[in-house]
Amino acid sequence: MDTLTIVLAMVGAAAVLLVAAIVADRYLGRRMERRLSGEAPKSDAADAVIQLLDRTRDMMRQTLDSAGKEKDSSS
């Protein structure tokens, strides 16, 4: 392939990604405003994923803490 073709393809892909990022930012910004004003539903799929990730993080932290304590007590 020609270098110019590759550069143009990369610029096109960057433009598409930029537009997608702008649209997503505006959507999430409006959603955050609605949530802060109390208009948005209190729980949706995004909140469920966030809660799942929070619980997973807490469980991993507890596991690492207990493993560290076991290692300290066995030394």
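Everything below is about the structure printed above this text.
Read on for a plain summary of the structure. (Residues numbered from 1 in each chain as written. Predicted model: local features only at pLDDT ≥ 70, side-chain atom pairs only at ≥ 80, totals over all residues. Heavy atoms only, no water.)

Description of the overall build of the protein chain
Okay, so step 1: Per the secondary structure count, the protein chain includes 2 helices and 0 strands.
Okay, so step 2: For 75 residues, the compact-globule estimate of 2.2 N^0.38 gives 11 Å, and the C-alpha radius of gyration of the protein chain, at 23 Å, exceeds that figure by more than 25%.
Okay, so step 3: The principal-axis extents of the C-alpha atoms in the protein chain amount to approximately 65 × 45 × 15 Å.
Okay, so step 4: The proportion of buried residues among the 75 residues of the protein chain is 4%.
Okay, so step 5: As displayed, the protein chain offers around 6,800 Å² of accessible surface, 65% of which is attributable to carbon and sulfur atoms.
Okay, so step 6: Computed over 11 positive and 11 negative side-chain charges, the inter-centroid distance for the protein chain is 4 Å. (Helix = DSSP H or I, 4+ residues; strand = E, 2+ residues; numbered from the N terminus. Rg over C-alpha atoms; globule rule 2.2 N^0.38 Å. Buried < 20%, exposed > 50% of the residue type's maximum accessible area, 1.4 Å probe, protein only. Areas by Shrake-Rupley, 256 points an atom, 1.4 Å probe, with all protein chains shown as cover. Lys, Arg positive; Asp, Glu negative; His and termini not counted. Charge placed at Lys NZ, Arg CZ, Asp CG, Glu CD.)

Thoughts on the pattern of salt bridges
Okay, so step 1: The full count for this structure, using the stated rule, is 2 salt bridges.
Okay, so step 2: One salt bridge connects Arg57 with Asp54, and the closest N-O pair in it is separated by 3.5 Å. On the criterion of helical spacing, the pair formed by Arg57 and Asp54 is a turn pair, its members being 3 residues apart in helix α2 (residues 45–74).
Okay, so step 3: Among the salt bridges present, the one from Asp58 reaches Arg57, with a minimum N-O distance of 3.8 Å.
Okay, so step 4: Given a relative accessible area of 35%, Asp58 falls into the partly exposed group.
Okay, so step 5: Since its relative accessible area comes to 43%, Arg57 is described here as partly exposed.
Okay, so step 6: Bridged by salt links that share partners, the residues Asp54, Arg57 and Asp58 form one connected network. (Salt bridge = Lys/Arg side-chain N within 4 Å of Asp/Glu carboxyl O.)

Some points on a nonpolar patch on the surface
Okay, so step 1: Among the surface-exposed residues, Met1, Ile6 and Met10 lie close enough to one another that they form a single nonpolar patch of about 390 Å² accessible area.
Okay, so step 2: Residue class for Met1 comes out exposed when judged on its relative accessible area of 83%. (Patch = residues over 30% accessible without salt bridge, like charges linked within 9 Å, V, L, I, M, F, W, Y side chains within 5 Å.)

Comments concerning helix α1 (residues 3–37)
Okay, so step 1: For α1, with 35 residues, the first-to-last C-alpha span of 51 Å sits near the 51 Å given by 1.5 Å per residue.
Okay, so step 2: Positioned one or two residues after α1, Gly38 has a phi angle of 90 degrees, which is positive. (Expected span 1.5 Å × (residues − 1).)

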